[in-house]
Amino acid sequence: MLTGRKYRLDLTAEQTAFAERIGGACRSVWNTALEQRRTYRRRDAWIGYHEQAQQLVEAKTEFGWLAEVPGHCLQQTLIDLDQACSRHGTWKVRWKSRARTAPSFRFPEGGKITIERLNRRWARAKLPKLGWVRFRITRPLGGKVKNATVSRDGAHWHISFLVEDDISPPERHAHPGSAAGIDRGVVKVVTRSDGVFHHQVFATDREVEHAAVLQRRLARTRKGSARRKKAAATLGRALAKVRRRRADFAAKTACVLATSFELIVFEKLAIRNMTATAKPKPDADQPGSYLPNGAAAKSGLNKAILDKGWHRIELAARSKARQTGSHVITVNPAYTSITCRVCSVVDPKSRESQAVFRCTSCGHTEHADVHAANNILTAGRAEFAQPRPGARAGARKPRNRVGRKANRQATAAQATAQTEAELAGIPRL
Ligand SMILES: [Zn+2]
């Protein structure tokens, strides 16, 4: 089974600078190649990975900053872009901006990476062109390295290895027939249908306040100034701390879920609802004024710090499920919170408050989230009983081959109609 291992790197100042340069080169290759693909598409033509890779080879002879970084990392960037474009469409793939994207690059050939253990705490890996890099070996690698990705999260660099551990997934889960519905919420992050809660506060009130102070301090600095850099780093560190807690919680919760249940049912998250700006709620005590959960409550900083990591929990569960033989599925969440699970009557009034569900028809009373989790479980059991091909847990959406074929045909048709001179205005890599 393929699995990931991530370690904190201890780079020298020289290596840090070089790693930044590699990240920058990959970013600019991504952006240029994306722009090229879009220009082609605007002219109803199409350019693929192989042609772009060929142009990259030519570009390397011309630009020193491209030639100095590991070629495989640049190639991998083009492969990633190719996959992103065929999966999501050329127009949906986003630019990588210097401010928003943390540098990250992959060494695709595990065979070229040598790993040595130095002592109990430290190990080192030899990467093409970057040389020997030291990392804290906090757990054994446990298998053969397939590739390595170097990335920066805030101030720290990490290396993650994709490892083949030669462990095959179990035929059947250790508790056959066990199942849980999961309701993800704000008051309790995870509520299980058996009435168990998994909850953690990721940022204390004081930390939320402090982050807001840091954010204001950042807003008062001038663009490109040294003070801005410093303020951004301070805020980044505060947010990274919260992010680590969230990741830790997701991993631990997912581990409990996957080891205890064969079937794990989540509600499908409506991403659009989560990222949309919330309508301000009128304040009942002061008519005419609004509670502070309006536009600002869902703005960038608050989202970063108050986020419950709902999607991450699902991802972690899917990952862990491969080791335990669990199945993770998602169901439509519509009406799960207002349908009585005893008499099936749908009534919004049955949800008496955030915490209490009391059926207006039969009087069934239960904790609202536990009740919703049970509805999710029922829906999930029904769906799991009749699996459709390709809809099983963890199945990846097939790549959009039809679109690519149509693209290629369009290109071929264009090539006959259009002369080389007409295409000459397109930028090359
Ligand atoms: Zn009822």
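Residues numbered from 1 in each chain as written. Predicted model: local features only at pLDDT ≥ 70, side-chain atom pairs only at ≥ 80, totals over all residues. Heavy atoms only, no water.

- For the protein chain, the name recorded in an unreviewed UniProt entry is Putative transposase, with Streptosporangium saharense as its organism.

**Digging into the coordination of the zinc ion**
Part 1 of the argument: Donor atoms from the polypeptide that bind the zinc ion are Cys340 (SG), Cys343 (SG), Cys359 (SG) and Cys362 (SG), placed at 2.2 to 2.3 Å.
Part 2 of the argument: Classification of the site at the zinc ion rests on its four donor atoms, whose angles at the metal span 106 to 112°, yielding the label tetrahedral.
Part 3 of the argument: For the zinc ion, the single-chain donor residues occur in sequence as C-x2-C-x15-C-x2-C. With Cys343 in the loop between β12 (327–331) and β13 (356–358) and Cys362 in the loop between β13 and β14 (365–367), the pair connects residues that are 19 residues apart, well separated along the chain. (Donors = N, O, S within 2.8 Å, 3.2 Å for Na, K, Ca; no water. Tetrahedral: all angles 85-135°; square planar, octahedral: opposite > 155°, others 65-115°. Helix = DSSP H or I, 4+ residues; strand = E, 2+ residues; numbered from the N terminus.)

**Section: the pairing of strand β1 (residues 2–10)**
Part 1 of the argument: Sheet topology places β1 next to strand β7 (residues 156–164); seven bridges connect them, and they run antiparallel. The partner of Gly4 across the bridge, within β7, is Leu162.
Part 2 of the argument: Here β1 runs beside strand β5 (residues 131–136); their pairing, made up of two bridges, is antiparallel. Of the residues in β5, the one forming a bridge with Asp10 is Arg134. (Pairing = 2+ DSSP bridges.)

**Some remarks on the confidence of the model for the protein chain**
Part 1 of the argument: In this model, the protein chain carries an average pLDDT of 85, and 83% of its residues clear a pLDDT of 70 or more.
Part 2 of the argument: Note on residues 391–395: pLDDT is under 50 here. Beyond four places in sequence and across chains, it has nine contacts.
Part 3 of the argument: Note on residues 413–426: pLDDT is under 50 here. Beyond four places in sequence and across chains, it has twelve contacts. (pLDDT = per-residue confidence, 0-100. Contact = heavy atoms within 4.5 Å.)

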